[in-house]
Every structure is written in structure tokens, then in C-alpha cells.
Amino acid sequence: MSNKYIVAIDQGTTSCRALVIAHSGDIIATAQKEFTQIFPKPGWVEHDPEGIVRVQLQMVRDAMTQADIASHQVEAIGITNQRETTVVWNKSTGKPIYNAIVWQDKRTADLCEQIKSEGWADEFNQRTGLVVDSYFSATKVMWILEHIPGARELADRGQLAMGTIDTWLIWKMTGGNQHITDYSNASRTMLYNIYKLEWDEWILDRLQIPRSILPTVKPSSFDFGHYELDNVKIPIRGVAGDQQAALFGQQCLEPGMAKNTYGTGCFMLMQTGEKASASHNGLLTTIAWGLDGKVYYALEGSVFIAGAAIQWLRDGLQFFQSASESESSALRATPDHGVYVVPAFAGMGAPYWDMYARGAIFGITRDTTSAEITQATLDSLAYQTKDILEAMQSDSGVSLDRLNVDGGATSNNYLMQFQADILGVPVVRPKVTETTAMGAAYLAGLETGFWSKEQIAKIRAIDREFVPIMLEQQRIDSYKGWQKAVKRTLGWMKD
Ligand code: ADP
């Protein structure tokens, strides 16, 4: 095994990356390149699908060159990808009939509004676990079939294929031999019935999407075909959408385990086991992965403004020069200052769902300084995370036993300790923060027997575990204060 490696492909929204990972779990090479974002009109976002394949495969080669390994040394490839982004191509020519429509693209927002106004939102939610939104693939496929000349006829004749980026990459990498995806990516299309584990005939009918254009859906650890490089057939054995791959990379392998990524916003997923939990708080129910003949589910929620609030302190209020200084500033705050910052800059998401809310600072007194405001802003990241985790626990009936974290803002030790305090469970920061790529690599390595689950558990080294030290009463009171503050921001724009 020692001279064998896993190559992880991480096809993101702005860049293509490839990583070479050794049996020890060490990342021995990384290649990364940004690619062009296409903005044809306001609210529209596209990628060139052929360009993505070209750049991505170049990164695979670059990473292998950097690591100084040959094709026969690659045990398997694992793929993780930006989710929901949709490509439609001609099966006979292998050419896309239109650019990839990216998850951020809003051109089908009206279509989604129409579905909702016709009263179908619940029906979609009960089948797909999703909230009807232009974010997901379904209405993007519809748009392509309706707007590209000849598309509808080709689709009716069974000559078109659609796919999320994993599917498109695999199609190209296997020379058109495989039209395939995994459960986690299928669950983001808004076309897949996550309960029955099949493409949903009722939805396909409503949206007039022919069944023939859809890929086969398989477990996330599976034989997805092979990529021939320098006359060597390299097996593709792992596939998962980026957030699910990160959940797997963080080894949230038991129900109640969750990960939170602290970036510009926060992205949170909680594994809920083999049972799909419907949300009453507007969270998404999604498939985490398929593994060992079973399908595991997750609840997903996001905080819109997290690290972005720290950027606001830095750039808007000019409290400091770099985000990392927020930590020392917060540590200078007077204890028990009672200041709360609610960064509802563009409304509040889950579980409040109020687009009329706006940001506010509460509890200011004559001695309030930038230190208290900074601390309260950092606290708001932790409170918003708690809001969503509380909703996840109430939706699933599963209780959180720890929170695994990654992303830029996790380097802030004050924030991590406060997060543990306010949740009342340990917050665990891993040494290797490449959780997304590692998740794809693990899925591939498990399938070939390169790693066992026990070996993977040993690979994931912990950098630091933050254990709650706050007194129970203080935790309750602090959170009550936050909820009171949020309440006062709701509906602000309406008055
Ligand atoms: P993204 O992938 O969304 O760009 P990153 O994971 O790179 O995000 O994290 C960057 C975000 O984290 C920025 O919004 C920044 O304000 C915040 N951030 C970075 N370092 C710190 C820190 N030490 N303390 C608090 N926030 C931080």
C-alpha cells in the first residue's frame, strides 16, 4: 500500500482542485486553479462545462507530477463537487447544449414562485426534503429544455443527458461509458424522491422532464467506472456533494454528529441516521451518503451572515486590520457587558425566516467600546449556530453530542470556546481542515479496501477540543438574551 495513493478531485464553485493523499492520510500534493465565472445577465451565473473538465483534469495531472507519482500508483479517485449546478449534453456528441447553470443562478426564481403559488411547495418538500428554490437543479433543467432550440425534441428522442458536476465529470472521464451519480448529489436536484430512493415520477411529470435524461443513482462508495490516464485504468470509487463530503470527512458517522463550516456564512449538517427527518423549521432534509448497502440522511441549515459580520467590523466599522485581531479585541471586553449584536443584515434565516429583520446592537451603555461590540459579534456566530442546531435536534429527535468544525473563523479560539459554552457540548477542531477533499478520498479508499473505517478514524487527528465550562444558568440566561434581541429585530422593515 505504501506506494499507492488516493487522488481527490474537489470541483468547487470558483476553482478546481486535486489532492494526492497517502495511506497515512497525509496530503502530499495539492494543485488548484480558478476558472471563469460567466455572468450573462444580472442574477445569472454560468460555467463552461468543457472548461471545467479541462482545468480539473489538468489539476489531477499537476498534483500527480508534484507528488511525483505515476498512474499505476493511484489506487482510486474520489470526487466531491459544487452541488446543484446543472449540465445538459448530447449523448451522441458528448457536447453540452448550454453552459452549466450554477447553483447561485436566479433565472428560475419566477418559475419557483409559480410552483409555490400553485400550492405545490409541500408536495415537493414531502418528496425531496427540499424547499422549492431556484438553487436546486430541477428548474435549471426545465429552463434549458424550454429555451435551447431543439432541446425538447432531442430530449424526447432520448438523446440528451443531464447531470450535476460529478455526473458530467464522470461521463467525460469514462469516455461516455457512465451516466451516473450518487445519492447525495441526486438529493440536491429536487427531482429525486429521498424517501423512495427513486427519481420522482410525479415531479418529472409536473416539470415535463423526461426520465431518459437522468443518471443512474448509486451509493457514494461505489464502482463509478474508470479514468484512463497514460494507458492505466484508474478506478473512480467515491462521489459526494461538497457539504456531504465534508460531513463524511469530519467523520460524522453516527446519528447526532454534526459539522459546521464557519466561512462567510455557516454551513451546518447533522447526520440523522437511516431515518429521514422532515423539518418544521424550514431546514432541508437531504441524503448524507449511501454506504455499506444503507442510506444515511442529514438535516442541513445555513447561517447567512457569519464571518461576513467580522468583515463588517473590519471594513465597515474599521475596528481592526485583519479578522484574526477580533480574538484579542474580544478578550479585552468587560465581563458581563450584556451587549448583543444581531447581524440580520439581509433578514434572518432558519429558524426565524424573516426577510424584514435588520441588524441591531442592543444593551449599549456609556462604557461600551469596540471590544464589547466585537465580542458580541463573535458571539452572534455561536448563537446563530445554536439556533439551527436546536431546530435540528427538535426536527430529528436526535441530540447533538459534539460539534465538528472547520472553515476560516475556526482559528478564533475565543469563538470556539464560546461556541462550546453556549451549546453545552464539546467543539472539535481537526488538524487537517481539508475536510471536503478528505471525505471524497475516504469514500473512494473504503470502496477499494485501501482504508478500513478503523484506519480512517485514526487518520483524523484532532487539533483541539473545546470543552464547555460555562455554568448552566449562565448558558440559559445568555441564550435568552440573544432570543430577546432577535425578536426585536424581526419585522423591522415592515413598520
Ligand atoms: P469562505 O470560504 O466563505 O470565503 P473562509 O473559510 O475562507 O470563508 O473564512 C473566511 C471568513 O472567516 C471571513 O468572513 C473572515 O471574516 C472570517 N475569519 C477569518 N479568520 C477569522 C478569525 N480569526 N476570527 C473570526 N473570523 C475570522
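We now turn to the structure provided with this report. Keep in mind that what you see is a predicted model, and the values were worked out from it rather than measured.

How each quantity is defined
Residues numbered from 1 in each chain as written. Predicted model: local features only at pLDDT ≥ 70, side-chain atom pairs only at ≥ 80, totals over all residues. Heavy atoms only, no water. Helix = DSSP H or I, 4+ residues; strand = E, 2+ residues; numbered from the N terminus. Buried < 20%, exposed > 50% of the residue type's maximum accessible area, 1.4 Å probe, protein only. Contact = heavy atoms within 4.5 Å. Near = heavy atom within 4 Å. Polar contact = N/O pair within 3.5 Å; in protein donor to acceptor, adjacent residues only side chain to side chain. Areas by Shrake-Rupley, 256 points an atom, 1.4 Å probe, with all protein chains shown as cover. Nonpolar A, V, L, I, M, F, W, Y, C, P; charged D, E, K, R; others polar. Pairing = 2+ DSSP bridges. Axes fitted to C-alpha atoms, helices over the stretch in contact; angles between N-to-C directions. Patch = residues over 30% accessible without salt bridge, like charges linked within 9 Å, V, L, I, M, F, W, Y side chains within 5 Å. Salt bridge = Lys/Arg side-chain N within 4 Å of Asp/Glu carboxyl O. Expected span 1.5 Å × (residues − 1). Phe/Tyr/Trp six-rings, centres within 6.5 Å; stacked < 30°, edge-to-face > 60°. Core = buried A, V, L, I, M, F, W, Y, C linked by side-chain atoms within 4.5 Å.

### Notes on the environment of Leu 191
Then, number 1: Among the secondary structure elements, Leu 191 is positioned in the loop between helix H7 (183-186) and strand E10 (192-193).
Then, number 2: Residue classification places Leu 191 among the buried positions, given a relative accessible area of 0%.
Then, number 3: Each C-alpha atom of the pair Leu 191 and Ile 203 lies 6.3 Å from the other, and the pair is twelve residues apart in sequence.
Then, number 4: In this structure Leu 191 touches Thr 128, Ala 138, Trp 199, Asp 200, Ile 203, Leu 204, Leu 207, Ile 209 and Leu 214, once residues within four positions along its chain are discounted.

### Notes on the site of the ligand
Then, number 1: Thr 264, Gly 307, Gln 311, Gly 408 and Asn 412 are the nearest of the 16 residues found near the ligand.
Then, number 2: A distance of 2.7 Å separates an oxygen atom of the ligand from a polar atom in the side chain of Gln 311.
Then, number 3: Taking Asn 412, its side chain carries an N or O atom lying 3.1 Å from a nitrogen atom of the ligand.
Then, number 4: Protein chains shield 67% of the accessible area of the ligand, which is 580 Å² for the free molecule.
Then, number 5: Partitioned by chemical class, the residues of the shell around the ligand number six nonpolar, ten polar and no charged.

### With respect to the sheet that holds strand E23 (residues 462-466)
Then, number 1: Taking strand neighbours across the sheet as the criterion, the seven strands line up as E17-E18-E16-E15-E21-E22-E23 in an open arrangement whose pairing is mixed. Taken across any chain shown, the strands that pair with only one partner, and hence form the sheet edges, are strand E17 (284-291) and E23. Across the sheet, the axes of successive neighbouring strands diverge by a mean angle of 25 degrees, strand direction being ignored.
Then, number 2: Note that strand E22 (residues 427-430) and E23 share four bridges and pair antiparallel. Paired with Pro 430 across the two strands is Ile 462, which belongs to E23.

### Re a nonpolar patch on the surface
Then, number 1: Taken together, the side chains of Met 355, Tyr 356, Trp 492 and Met 493 define a hydrophobic patch exposed on the protein surface, amounting to about 480 Å² of accessible area.
Then, number 2: Since its relative accessible area comes to 47%, Met 493 is described here as partly exposed.

### Details of helix H1 (residues 49-67)
Then, number 1: End to end, H1 covers 27 Å across 19 residues, agreeing with the expected 27 Å (1.5 Å per residue, within 8%).
Then, number 2: All buried positions along H1 are accounted for by Pro 49, Gly 51, Ile 52, Val 53, Val 55, Gln 56, Leu 57, Met 59, Val 60, Ala 63, Met 64 and Ala 67.
Then, number 3: Here H1 starts with a cap whose side-chain oxygen sits 3.2 Å from the backbone nitrogen of Glu 50, and that cap is Asp 48.
Then, number 4: Just downstream of H1 lies Asp 68, where phi reads positive at about 60 degrees.

### A look at the packing of aromatic side chains
Then, number 1: This structure, assessed with the given rule, holds 22 aromatic pairs.
Then, number 2: Taking 5.3 Å as the distance between ring centres and 50 degrees as the angle between the ring planes, the aromatic pair formed by Tyr 98 and Trp 143 counts as tilted. Highlighted residues: Tyr 98 in the loop between strand E6 (86-90) and strand E7 (100-101) and Trp 143 in helix H4 (residues 137-147), separated in sequence by 45 residues.
Then, number 3: An angle of 45 degrees between the planes, with centres 6.5 Å apart, marks the rings of Trp 289 and Tyr 296 as tilted.
Then, number 4: On the basis of relative accessible area, Tyr 296 is assigned to the buried category, the value being 17%.
Then, number 5: An aromatic cluster is present here, built from Tyr 340, Tyr 383, Tyr 414, Phe 418, Tyr 479 and Trp 482 joined pairwise through their rings.

### Some details on unusual backbone geometry
Then, number 1: For the bond from Ala 350 to Pro 351, the omega torsion is -5 degrees, close enough to zero to count as cis.
Then, number 2: The topology assignment puts Pro 351 in the loop between strand E19 (340-342) and strand E20 (360-362).
Then, number 3: Unusually for a residue other than glycine, Met 190 sits at a positive phi of about 65 degrees.
Then, number 4: Within the secondary structure, Met 190 is located in the loop between H7 and E10.
Then, number 5: Judged by its relative accessible area of 1%, Met 190 is buried.
Then, number 6: With a phi close to 55 degrees, Leu 197 is a non-glycine residue in the positive phi region.
Then, number 7: Position of Leu 197 relative to the elements: it lies in the loop between E10 and strand E11 (198-199).

### With respect to the nonpolar core
Then, number 1: Among the nonpolar cores identified, the biggest contains 49 residues, and Tyr 262, Leu 389, Met 392, Leu 403 and Trp 482 are the most heavily contacted of them.
Then, number 2: Per-element tally for this core: the top contributor is helix H12 (residues 370-396), with ten residues.
Then, number 3: Residues in contact with Leu 403, not counting those within four places in the same chain, are Ala 258, Lys 259, Asn 260, Tyr 262, Thr 385, Leu 389, Gln 419, Leu 423, Val 425, Pro 426, Val 427 and Val 428.
Then, number 4: In this structure, Ile 101, Phe 136, Ile 148 and Ile 287 belong to the second largest nonpolar core, which totals 41 residues.

### Details of the sheet that holds strand E13 (residues 226-229)
Then, number 1: With mixed pairing, six strands are arranged side by side in an open sheet as E3-E2-E1-E5-E14-E13. Only two strands of the sheet have a single neighbouring strand rather than two, namely strand E3 (27-34) and E13. Each strand axis lies, on average, 25 degrees off the axis of its neighbour in the sheet, ignoring direction.
Then, number 2: Alignment of E13 against strand E14 (residues 232-241), held across four bridges, turns out to be antiparallel. From the neighbouring strand, His 226 faces E14, where its bridge partner is Pro 235.
Then, number 3: The sheet strands contacting H1 are strand E1 (5-11), strand E2 (15-22), E3, strand E5 (74-81) and E13, and the helix crosses E2 at an angle near 30 degrees.
Then, number 4: Its contacts with the sheet put helix H9 (residues 242-249) on E5 and E14, and the angle it makes with E14 is roughly 95 degrees.

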